[in-house]
Each structure stands twice: as C-alpha cells, then as structure tokens.
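Chain and residue survey
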Amino acid sequence: MLKARIIPTILWKDIGIVKGVGFNSWRRVGSLLPAIKVYNTRQVDELIIVDITATEQDREPDYDVIDEIADECFVPLTVGGGVKGVDHIKKLLRAGADKVSINSSCYSNPEIVSKGADLFGTQCIVVSIDVYKDADGTYECLKNSGKISTGKDPVKWAKEMELRGAGELLITSIINDGAMTGYDIDLIKRISDSVTIPVIASGGASDYEDMYQALTTGHASAVAAASIFHFTEKTPLEAKHYLGKKGILVRKY
Amino acid sequence: MSVLIIDYGMCNLGSVKRAFEECGASAFISDNPRDAEKASHLVLPGVGAFGDAMKNIISAGWDKAIRKNVLEENVPILGICLGMQLLAEKGFEGGEHLGLGLIQGEVIKIYNENPGSTFRVPHIGWNEIHKQQDHAILEKLQPSTDFYFVHSYFFKTTHKEDILTTTHYGLDFPSIVSKDKITGVQFHPEKSSRAGFQIIRNFLSIN
C-alpha cells in the first residue's frame, strides 16, 4: 500500500541571507548541502527545496546549486522558486530535480502547467498554492511569496490546475506557516476533496498530531514541514513512529 | 564494467549516474547509440510521455542499438520508470505508440479495481514490492521493501512469467519485470535510498 509521506521543506531564503554580501557560491551551497546530506542519510521520504526570493528578485532558478544538491540527494527532490517557463522546468529536471514546483507564474501564465505536463509528464509538475485566510474566513490565493493578491479562490484554482495537468498540489496556509499552530485542516480538506491528484499539506505543523490530522481529517497524501524540523528536536523519523502507532501507513526502512 | 546511461533528451540523468557511481560502477551518459558497444550494462531511464520518448529514441537510432546489443550481444539492460514502460510492445499514453517490444505487453493508465475509495493518480510516493518469483535483481532485499514511485501508467505484461514483483495501487501492477537479461523497474532505484542501491548492485551483478 502507498505510504503517507513526511517531507521536510527547506526554504532557500536562509541561503540568500548567508550569501548576502558575498558572491562565493561555494559558501552558500555549503550551508545547504549539510542539511541535504543529513536528510539523505536519514532516508527521508522526500525533500522540497524552495528558493523563496527568486521570483521577488526576478531571478531564474539557480541550476548550479540544484545540480550540486542533487548529487548528494538519493531521495526524491522537488525544487521550486522562480520557475517562469518550460525551459526553466527542463533545466531544473536536467540539474537533478525530480519534480518542479511552480507557484506565482501559474497565475499570469497557466499554460506553463499544461505545457510542462505535456513535455515532461504530469508526475513532475507540482503546483504550489499559497492561501491567505481573511478575518471573515474567506480564502484567497496569493502570489509572490504572499505579497500579491490574485483574487483566486483556492478550491477553484486547485481544480483548474489539476485540469491543466498538475500532478500534485502543495497547499500552504500563509497565516499558519511558521506559526506552529497546526495546519489549516479545513483548507486542506476542501482542496483534497475537490481534486483526484495528491495533495501535500504545508504550513503550521507544530507536532506529530498536526500531521496526523492533515492526513486523516484533511485527506492529504503527504505532509510538509519546516520549522518543526529546523527549530525543535522533532524529526521525520519520530513523526513516522507516531503516525505508524496511530494506524497511518508510513514507509519503513 | 562500464555502464551506459542512455540519453534521449527526456530526463534527469545525473541522479541515475550518481547512484550507479555510489554503487561502485563506472557510468557514463551518452546520446550516441554507437557507444552502446562499449558498455557492459545499459540503463534506459526516463521521465515524460511514452510517445515523445519513442520518437526521440527512434530518431537517434537508439532502438536499433538497444535491440542489437540486448538481443544479439546479450548485454543486460535496466529500464527505469518510463524506461521500463518503453520495453513494452505498445503504450497508450496520449494515443497509441509502439514501444521497443523487448517484453510482451502494453502500457495503460493506472485505474482502481475497486472504485469508491480515495484514489489519486499519479501514484506518487513509497510503496511496497511483493515478490512473485526469485531473481538476481531481488537479492538481499527484505520482503515488502518500500520504493519510490511516481507514475500514472503501468506495464501490463502479456506473460505472468515476466513479472518478478507486483505493487498494489488501485490494482496489483507489475513493479519489476524481467525476461532474460532485460529488467524493468517501475520505481526509481536512484531515489529509493539504500534499497534502491541494492537493486542497482544486483543489476550490476548480472553479466
């Protein structure tokens, strides 16, 4: 049977800060590579790496860095940030990404999803959707790292992206992200129940129970988390022990 | 030992090469079918659509080189993911396309034999392989080991004898197929950590 995936997310902004004053590419990879190596040694189910300032800075993805990372990564690798055209997707796949995550450019150019799926297969196209919840409870998709309004309803947008050929959806709650208050289960459930492709829940995990809720009540196929792994003693392996005890099928190794 | 990773313009070959190197093999990527003669083992990777892949393979002349080396020279070949599906006679991804025809059967979309459950396609993630018969490629693997899958189509073989393992997702589909020295794996050994390396080492042991 298919297992629920526990996916550490690595946000590239940290690296951006490190490189701030320098142009020494070794140095910035240097801080990313150890993390990749640790996760690789621990045989995590999958990794998501997102360059969150690429779009803002109007940069292309950094293919050289991905190439170096992929050399050390023998688990599935999803790469996102700054993907604006099918040539970017191609170069990322060539550099060693297994899946490419696309977010902001889908709004202005939804064709990128259909063309990408046609050329490389739906299975390597992940559409990432950042969702903001208003004070009155209405949901809206935001782009450019949550800075720009799109007017899109997340459920409708998720369905459109599925129709266009997305193979997977990465749903992040902007308000919950980093707050460690749990995933937005209602949002995850609404989207999971409206599509037939896998949904990865993201944003807000504070403990293993949150993951359990996203996988059961939220109907997610996978859970992504960053803060919980970066800033606490919690690990993907422990998460699996917890989930396994509660009856969730997780990968054993 | 010299492992040739076939480059027909469809995917990430770097990870495959690195995984073979990690397993102690000397591996090289080539887009020139004439290099096939220099290889002790062939690897046919692949991500993407069946039809486009076959078009690229044929226009580069890989189909002839593969058939010659595999069928006449008995060189072991490992098809990975789409590369495994291309071993089939036919594929039905976006129309009907001819495959390499090295193992009898066709490639069709994953479906659920018992509809009604939450069933999502593509089949993405870690899933178990269940042994149907012994084979060198399965040496030193624990029963029901998890491997990483990412695909929407599967290889429906004509002959049961060609199925080494099955995996359950909606239905039981062949996850490793083999005939003579031709082997295909639906999952990605290069992305399946240690268990994946074991598959690669086992493939290298086939001479």
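Bear in mind the structure is a predicted one, so any value in this text is a computation, not a measurement. (Residues numbered from 1 in each chain as written. Chains lettered and ligands numbered in written order. Predicted model: local features only at pLDDT ≥ 70, side-chain atom pairs only at ≥ 80, totals over all residues.)

1. Some points on the interface of chain B and chain A
Worth spelling out the cut-off: What counts as a contact is two residues whose backbone-derived C-beta atoms lie within 7 Å of each other. Per the convention used, a helix needs a DSSP run of H or I reaching at least four residues, while a strand needs a run of E reaching at least two, with both numbered from the N terminus. All residues other than Ala, Val, Leu, Ile, Met, Phe, Trp, Tyr, Cys, Pro, Asp, Glu, Lys and Arg, Gly among them, are scored as polar; the first ten of these are nonpolar and the last four charged.
On the side of chain A, 34 residues touch chain B, which itself brings 30 residues to the contact. Breaking the side of chain B that touches chain A down by element, the ones donating at least two residues are α1 (14–22), β8 (123–128), β10 (146–151), β12 (163–169) and α5 (193–204) of chain B. Across the side of chain B that touches chain A, the residue classes tally to 11 nonpolar, 13 polar and 6 charged.

2. A short note on the sheet that holds strand β13 (residues 171–179) of chain B
Residues and elements named next belong to chain B. This is how the line gets drawn: Strand pairing is assigned whenever DSSP identifies at least 2 bridges connecting the two strands. Helix axes use the C-alpha atoms of the stretch in contact, all axes being lines fitted to C-alpha atoms, and the angles between their N-to-C directions lie in the range 0 to 180 degrees.
Strand order in this open sheet of 8 strands is β2-β1-β3-β4-β14-β13-β12-β9, and the pairing throughout is mixed. Either end of the sheet is taken by a strand with one partner, and the two such strands are β2 (27–30) and β9 (130–131). Direction of pairing for strand β1 (residues 3–6) relative to strand β3 (residues 41–44): parallel, over a ladder of 3 bridges. From the neighbouring strand, Val3 faces β3, where its bridge partner is His41. Contacts between helix α3 (residues 62–72) and the sheet are confined to β1, β3, β4 (77–80) and β14 (182–185), with β3 contributing the most and set at about 140 degrees to the helix.

3. Remarks on the pairing of β10(B)
Residues and elements named next belong to chain B. This is how the line gets drawn: Buried residues are those with 20 or more other C-beta atoms within 10 Å of their own C-beta, exposed residues have 12 or fewer, and partly exposed residues lie in between; C-beta atoms are placed from the backbone.
Within β10, 6 of the 6 residues are buried, which leaves the element mostly enclosed by the surrounding structure. Here β10 shows a buried face lined by Asp146, Tyr148 and Val150 and a second buried face lined by Phe147, Phe149 and His151. Summarising the sheet, β8 and β10 pair through 6 bridges and their orientation is antiparallel. When the bridges of β10 are listed, Ile124 appears paired with Val150.

4. Some points on α5(B)
Residues and elements named next belong to chain B. Defined as follows: To estimate how far a helix should extend, the number of its residues minus one is multiplied by 1.5 Å.
Here α5 spans 17 Å end to end across 12 residues, near enough to the 16 Å set by a 1.5 Å rise per residue. Turning to α5, its buried residues number three or more, namely Ser193, Ala195, Gly196, Gln198, Ile199, Ile200, Asn202 and Phe203. Buried residues along α5 sit against α1, β3, β4, β10 and β14.

5. Focus on the packing of α1(B) against α5(B)
Residue and element names in this part refer to chain B. Our working definition: Angles are sorted into four bins: roughly parallel if under 35 degrees, roughly antiparallel if over 145, roughly perpendicular if 65 to 115, and oblique for all others.
Orientation of α1 relative to α5, taken along the N-to-C sense of each, is 75 degrees, at an axis distance of 9 Å. Put simply, α1 runs roughly perpendicular to α5. Residue-level inspection shows Ala19, Phe20 and Glu22 of α1 in contact with α5, the latter providing Gly196, Phe197 and Ile200. Residues that form the contact of α1 with α5 fall into these classes: 4 nonpolar, 1 polar and 1 charged.

6. Some remarks on the sheet that holds strand β6 (residues 97–98) of chain B
All names here are of chain B. Across the sheet, 4 strands lie side by side as β6-β5-β7-β11; this open sheet has mixed pairing. Of all strands in the sheet, those with a lone pairing partner are β6 and β11 (153–157), marking the two edges. One ladder, built from 2 bridges, connects strand β5 (residues 90–91) with β6; its direction is antiparallel. Each bridged residue has a counterpart across the sheet, and for Lys90 the counterpart in β6 is Leu98.

7. Some remarks on unusual backbone geometry
That bond from Val121(B) to Pro122(B) is cis: its omega, 5 degrees, falls within 30 degrees of zero. Along the chain, Pro122(B) falls in the loop between β7 (105–109) and β8. Its identity as a non-glycine residue notwithstanding, His219(A) has a phi of 60 degrees, on the positive side. Take His219(A): it is sitting in the loop between α9 (208–216) and β10 (222–225). Residue classification places His219(A) among the partly exposed residues on the basis of 18 C-beta atoms within 10 Å. One non-glycine residue, Ser193(B), lies in the positive phi region at around 50 degrees. Within the secondary structure layout, Ser193(B) lies in helix α5.

8. Some remarks on the confidence of the model for chain B
Reading predicted coordinates in detail is not appropriate for stretches of low pLDDT. Here is the rule: Each residue carries a pLDDT score, the predictor's own confidence in it, on a scale running from 0 to 100.
Across chain B, the average pLDDT comes to 95, with 99% of residues at 70 or higher. Prediction confidence for the complex, expressed as pTM and ipTM, is 0.92 and 0.90 respectively.

9. Some thoughts on the environment of Cys106(A)
All names here are of chain A. Of note, Cys106 is situated in helix α5 (residues 104–108). Residue classification places Cys106 among the buried positions, given that 26 C-beta atoms sit within 10 Å. Between the C-alpha atoms of Cys106 and Ile129, which are 23 residues apart in sequence, the distance is 9.5 Å.

10. Considerations on helix α8 (residues 185–192) of chain A
Residues separated by three or four positions in an α-helix point in the same direction, a consequence of the helix having 3.6 residues per turn. All names here are of chain A. Counting buried residues in α8 gives 6 out of 8 residues, a clear majority hidden from the surface. All buried positions along α8 are accounted for by Ile185, Leu187, Ile188, Lys189, Ile191 and Ser192. The elements touched by buried residues of α8 are β5 (125–133), β6 (139–143), α7 (154–164), β8 (168–173), β9 (199–202) and α9.

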